[in-house]
Structures are given as structure tokens and as C-alpha cells.
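Structural overview
The lines below spell out each chain.
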Amino acid sequence: MSNKMSISTVVNSGGREGESKSVTGFLDLKTSGQRKEGYTNPEELFAAGISACFNGALEFPLKRDGLADRNREIRAEVTLFGDLPDEHSLHLEVALIGKIEGLSKDDTMKYLKETESICPYTKAIKGNVNITLVAG
């Protein structure tokens, strides 16, 4: 049985045109499907979560190989596709672009591919969301 490492709770009111607040009070965001100053959208929130999670998981294989001190960056591009009002056509695609200081694109890609099977976010969406890995 796995140890529970954390639990995070966010409450949304109003859907895409609403607010999302964490029960801790540290997160308090206005959301919108339109680009508005001071607002974000669910895809941007997902991009923040998956890039942080993936970059954190990347540390495991790098640490194993003595490379944990390398600066690394993960850029997540989350795209929402669909044809409204057909809500059944809505879907996401994710591109994860990774850079690891001092490594070639081929070596970086090797670590990105390994990390895809470690990161809880990529494991959760695999088979449901098209994930593209790119060594930048």
C-alpha cells in the first residue's frame, strides 16, 4: 500500500467563467474561457501542474545517473480542441518540451521518455490525451 504523500483540494464556482479557490487559501484565481487580464483558464492551470510534476519526476532518473544538479526546464503546452456546441468533441493535447543543461537533445529525450512513465500526471492521462515529448 502506498503512503499518501499529499492531498490538495480546490473548489470551483461558476465553471470556466468563475473562480477557483484552494481550501488552504493559497490559491485564489478567476477563470475564464476568454483572454482577460487577471484571469486564467483550466488549460493554463493544467499546464502549470503537469510541468511542475513532470520536472519534479525528472529528478529521479537524473539523480540515479548523478545528474541531479543539472538545471532543467519543462515547458507544457496544453491545447483545447473541439467544436462547440458539440461538447463531445472537446479534448486536450499536451506537448512537453524539456531542456536539461549540458545534455544533447538525444540524451534529453531519453530522460523525458523515462520520466513519462514516472510522472503521476502523464501516467494519469496516458491513453486519454495525446502527449508529445520534445527535447528543446
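What comes next concerns the included structure. Given the structure is predicted, the values throughout are model-derived calculations rather than measurements. (Residues numbered from 1 in each chain as written. Predicted model: local features only at pLDDT ≥ 70, side-chain atom pairs only at ≥ 80, totals over all residues. Heavy atoms only, no water.)

Side chains of Leu 80, Leu 84 and Leu 90 sit close together on the surface and give an oily, nonpolar patch of about 300 Å² of accessible area. Exposure remark for Leu 90: the relative accessible area of 40% places this residue in the partly exposed category. (Patch = residues over 30% accessible without salt bridge, like charges linked within 9 Å, V, L, I, M, F, W, Y side chains within 5 Å. Areas by Shrake-Rupley, 256 points an atom, 1.4 Å probe, with all protein chains shown as cover. Salt bridge = Lys/Arg side-chain N within 4 Å of Asp/Glu carboxyl O. Buried < 20%, exposed > 50% of the residue type's maximum accessible area, 1.4 Å probe, protein only.)

Looking now at helix α1 (residues 42–64). Here α1 contains 23 residues, and its C-alpha end-to-end distance of 34 Å stays within 8% of the 33 Å for a straight helix at 1.5 Å per residue. Between the side-chain oxygen of the N-cap and the backbone nitrogen of Glu 43 there are 3.0 Å, and the N-cap of α1 in question is Asn 41. Directly after α1, the chain includes Gly 66, whose backbone phi takes a positive value near 75°. (Helix = DSSP H or I, 4+ residues; strand = E, 2+ residues; numbered from the N terminus. Expected span 1.5 Å × (residues − 1). Polar contact = N/O pair within 3.5 Å; in protein donor to acceptor, adjacent residues only side chain to side chain.)

This brings us to the sheet that holds strand β5 (residues 72–83). Sheets are built from strands paired through backbone hydrogen bonds, the pairs being either parallel or antiparallel. Taken in spatial order, the three strands of this open sheet run β5-β6-β7, and their pairing is mixed. The sheet is open, and its two borders are formed by β5 and β7 (130–135), each paired with just one other strand. Pairwise comparison of adjacent strand axes, ignoring direction, gives a mean angle of 20° for this sheet. With 11 bridges joining them, β5 and strand β6 (residues 86–100) adopt antiparallel strand pairing. Across the sheet, Ile 74 pairs through a bridge with Gly 98, a residue of β6. With respect to the sheet, α1 is in contact with β5, β6 and β7, its orientation differing from that of β5 by roughly 140°. Along the sheet face, helix α2 (residues 105–116) touches β5, β6 and β7 and points at about 150° away from the line of β7. (Pairing = 2+ DSSP bridges. Axes fitted to C-alpha atoms, helices over the stretch in contact; angles between N-to-C directions. Contact = heavy atoms within 4.5 Å.)

All right, on to the sheet that holds strand β3 (residues 28–31) then. Spatially, β1-β2-β3-β4 is the arrangement adopted by the four strands of the open sheet, whose pairing is mixed. Two strands lie at the open edges of the sheet, namely β1 (10–13) and β4 (39–40), each paired on one side alone. Relative to β3, strand β2 (residues 19–22) is paired through three bridges, and the arrangement is antiparallel. Looking across to β3, one finds that Ser 20 is bridged to Leu 29.

Before going further, it helps to spend a moment on the pattern of salt bridges. Throughout the structure, instances matching the rule amount to eight salt bridges. In this structure, Arg 72 and Glu 59 form a salt bridge, with 3.6 Å as the shortest nitrogen-oxygen distance. Of this pair, Arg 72 sits in strand β5 while Glu 59 sits in helix α1, and the two are 13 residues apart along the sequence. The partly exposed category is assigned to Glu 59, whose relative accessible area is 33%. Where Arg 75 meets Glu 77, a salt bridge forms, and the shortest distance between an N and an O atom there is 2.7 Å. Given a relative accessible area of 36%, Glu 77 falls into the partly exposed group. The network of salt bridges with common partners includes Arg 64, Asp 65 and Glu 114.

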